[in-house]
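# Structure assessment
What follows is each chain in one-letter form.
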Amino acid sequence: MMTYDRNRNAITTGSRVMINGTGRTGKIIAIHADGLNAAQLRRSKTVEVEGCEGKFEPVELIRLGLH
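What counts, and where the lines are drawn
- In this convention, every chain numbers its residues from 1, walking through the sequence in written order.
- Where local features are concerned, this predicted model is filtered to residues with pLDDT of at least 70; where side-chain atom pairs are given and counted, the filter is 80 or more; whole-chain, interface and lining totals use all residues.
- In computing side-chain values, all of the structure's heavy atoms are included and hydrogens and water are not.
- By convention a nonpolar core is built from buried Ala, Val, Leu, Ile, Met, Phe, Trp, Tyr and Cys residues, the set being connected through side-chain atoms within 4.5 Å.
- Throughout, exposure labels follow a simple rule: accessible area from a 1.4 Å probe, protein chains only, divided by the maximum for the residue type, with under 20% read as buried, over 50% as exposed, and the rest as partly exposed.
- In this text, helices come from DSSP runs of H or I with a minimum length of four residues, and strands from runs of E with a minimum of two, each type numbered from the N-terminal end.
- Residue contacts follow a heavy-atom distance rule, with two residues in contact if any of their heavy atoms lie within 4.5 Å.
- A side-chain nitrogen of Lys or Arg and a carboxyl oxygen of Asp or Glu constitute a salt bridge if their distance falls within 4 Å.
- Only four residue types enter the charge count, namely Lys and Arg as positive and Asp and Glu as negative; His and the chain termini do not.
- N or O atoms within 3.5 Å of each other form a polar contact, as long as, within protein, one can give a hydrogen and the other can take it, and as long as residues adjacent in sequence are counted only when both atoms are side-chain atoms.

Looking at an unreviewed UniProt entry, the protein chain carries the name Putative selenium-binding protein YdfZ, with the source organism given as Kosakonia oryziphila.

Put into structure tokens, the structure is as follows:
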């Protein structure tokens, strides 16, 4: 599944991201989008980031380069 970060850059599983506000970085290991449309997906805690506990909203993330 593809969605967009806070700067409207495309992010998918495997993208390296930084979590806004904490500065922690990691790789997206899963995006849980079952039954959500694009707008709901972007504003719901659906993204799991390697090395970070919990799920994050795509708008909380900033893509770091391309993978």
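Here the narrative resumes.
### Quick word on the nonpolar core
If you look at soluble globular proteins, the nonpolar side chains tend to sit buried side by side. Ile-11, Val-17, Ile-19, Ile-28, Ile-31, Ala-33, Leu-41, Val-47, Val-49, Cys-52, Phe-56 and Leu-61 form the largest nonpolar core, which has twelve residues in total. Elements with a minimum of two residues in this core: strand E3 (16–19), strand E4 (25–31) and strand E5 (47–49). Once you skip the residues sitting within four places of it in the chain, Leu-41 turns out to touch Met-1, Met-2, Thr-3, Ile-31, His-32, Ala-33, Leu-36, Thr-46 and Pro-58.

### Considerations on the pattern of salt bridges
Per the stated rule, a full pass over the model turns up one salt bridge. Lys-45 is paired through a salt bridge with Glu-60; the nearest N and O atoms lie 3.4 Å apart. Linking Lys-45 in the loop between helix H1 (38–42) and E5 with Glu-60 in the loop between strand E6 (55–56) and strand E7 (61–63), this pair joins segments that are 15 residues apart in sequence. The exposure class assigned to Lys-45 is partly exposed, which follows from its relative accessible area of 49%. For Glu-60, a relative accessible area of 22% corresponds to the partly exposed category.

### Quick word on the side chain of Arg-42
As for its position among the elements, Arg-42 is in helix H1. Notably, Arg-42 is buried but unbridged: the nearest opposite-charge side chain belongs to Asp-5, and the N-O separation is 5.6 Å. A distance of 2.7 Å separates the side chain of Arg-42 from the backbone oxygen of Asp-5, its partner in a polar contact. Setting aside anything within four residues of it in sequence, one finds Arg-42 in contact with Thr-3, Tyr-4, Asp-5, Arg-6, Arg-8, Glu-57, Pro-58 and Val-59.

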